[in-house]
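Working through the structure, step by step
The lines below spell out each chain.
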Amino acid sequence: MAHAYAIRRRVFIEEQRVPEEIELDADDARAFHALATLDGNPIGCGRMLEHGEDEVKIGRMAVLAEYRGTGVGREILRFLMSRARKRGMRKAILHAQLSAEGFYLREGFTPVGGVFDEAGIAHRKMERDL
């Protein structure tokens, strides 16, 4: 998890100015974490938490700036959804930063409700069936 934390620190804490005490939370201990590497170097991450019997919450999706737009985030998201399906989950939810809403729309997520503030950044809840 140290590699994922390093990526999240760069993306969320340093770039987006999310307070560290919000970014690194207690859910990390029980989450399933995914790490993307290139030539052995960590370049992206994400996590998922089981919510109830058949739902997962995907979050902490982060890709280092120099690798954004290359498909790394898409592969992490698809990997997490595949893993959730294999565990019998039927639905995925997430809180998308508005700047990433188009990314999640392209991956089959639909917006649910209005915009809300999370860590000083505009978000919208999104979901999709698995």
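This structure is a prediction, so every number in the text was calculated from the model and none was measured. (Residues numbered from 1 in each chain as written. Predicted model: local features only at pLDDT ≥ 70, side-chain atom pairs only at ≥ 80, totals over all residues. Heavy atoms only, no water.)

If you look at the biggest cluster of nonpolar residues, it comprises 21 residues, and the most contacted ones within it are Ile58, Ile76, Tyr104 and Phe109. Elements with a contribution of two residues or more to this core: strand S1 (32–38), strand S2 (41–51), strand S3 (55–63), helix H3 (72–86) and strand S4 (91–97). Ranked by the residues each element gives to this core, the list is headed by H3, at six residues. In this structure, Phe109 is in contact with Leu77, Met81, Ala92, Leu94, Tyr104, Met126, Glu127 and Arg128, ignoring residues within four places of it in sequence. (Core = buried A, V, L, I, M, F, W, Y, C linked by side-chain atoms within 4.5 Å. Buried < 20%, exposed > 50% of the residue type's maximum accessible area, 1.4 Å probe, protein only. Helix = DSSP H or I, 4+ residues; strand = E, 2+ residues; numbered from the N terminus. Contact = heavy atoms within 4.5 Å.)

When the terminal C-alpha atoms of helix H1 (residues 2–15) are compared, their 18 Å separation across 14 residues agrees well with the 20 Å that a helix rising 1.5 Å per residue should span. Taken as a whole, H1 carries its principal kink of about 35° at Arg9. Of the residues making up H1, those classed as buried are Ala4, Ile7, Arg8, Val11, Phe12 and Ile13. Lining the buried residues of H1 we find helix H2 (20–23), S1, S2, S3 and S4. Remark: Arg17 follows H1 within two positions and exhibits a positive phi of approximately 60°. (Expected span 1.5 Å × (residues − 1). Bend = angle between axes of the 7 residues up to and from the residue.)

So, on to the packing of aromatic side chains. One pass over the structure, following the stated rule, counts three aromatic pairs. Relative to Phe109, the ring of Tyr104 has its centre 5.9 Å away and its plane inclined at 80°; by these criteria the two rings are edge-to-face. Here Tyr104 and Phe109 have matching classes, each one buried. Following the ring pairs from residue to residue traces out a cluster consisting of Phe103, Tyr104 and Phe109. (Phe/Tyr/Trp six-rings, centres within 6.5 Å; stacked < 30°, edge-to-face > 60°.)

Looking now at the pattern of salt bridges. Tallied over the full model, the rule gives 16 salt bridges. Among the salt bridges present, the one from Arg60 reaches Glu23, with a minimum N-O distance of 3.3 Å. One end of the pair, Arg60, is in strand S3; the other, Glu23, is in helix H2, with 37 residues separating them in the sequence. Neither Arg60 nor Glu23 differs from the other in exposure class; each is buried. (Salt bridge = Lys/Arg side-chain N within 4 Å of Asp/Glu carboxyl O.)

Turning our attention to the layout of surface pockets. Empty pockets left among the atoms are what a rolling probe the size of a water molecule brings to light. Within this model, the largest pocket holds a volume of roughly 910 Å³. Lining the largest pocket are 40 residues, with Phe12, Met61, Ala62, Gln97 and Tyr104 positioned closest to its centre. Broken down by secondary-structure element, the contributors of at least two residues to the lining of the largest pocket are H1, H2, S2, S3, H3, S4, helix H4 (101–106) and strand S6 (121–129). The dominant element in the lining of the largest pocket, judged by the number of residues it contributes, is S3, at seven residues. A per-class count over the lining of the largest pocket returns 18 nonpolar, eleven polar and eleven charged. (1 Å grid on protein atoms, 1.4 Å probe; cavity = no way out; pocket = protein on both sides within 12 Å on 5 of 7 lines; lining within 4 Å. Points joined across faces, edges and corners; volume = space filled by probe spheres on them. Nonpolar A, V, L, I, M, F, W, Y, C, P; charged D, E, K, R; others polar.)

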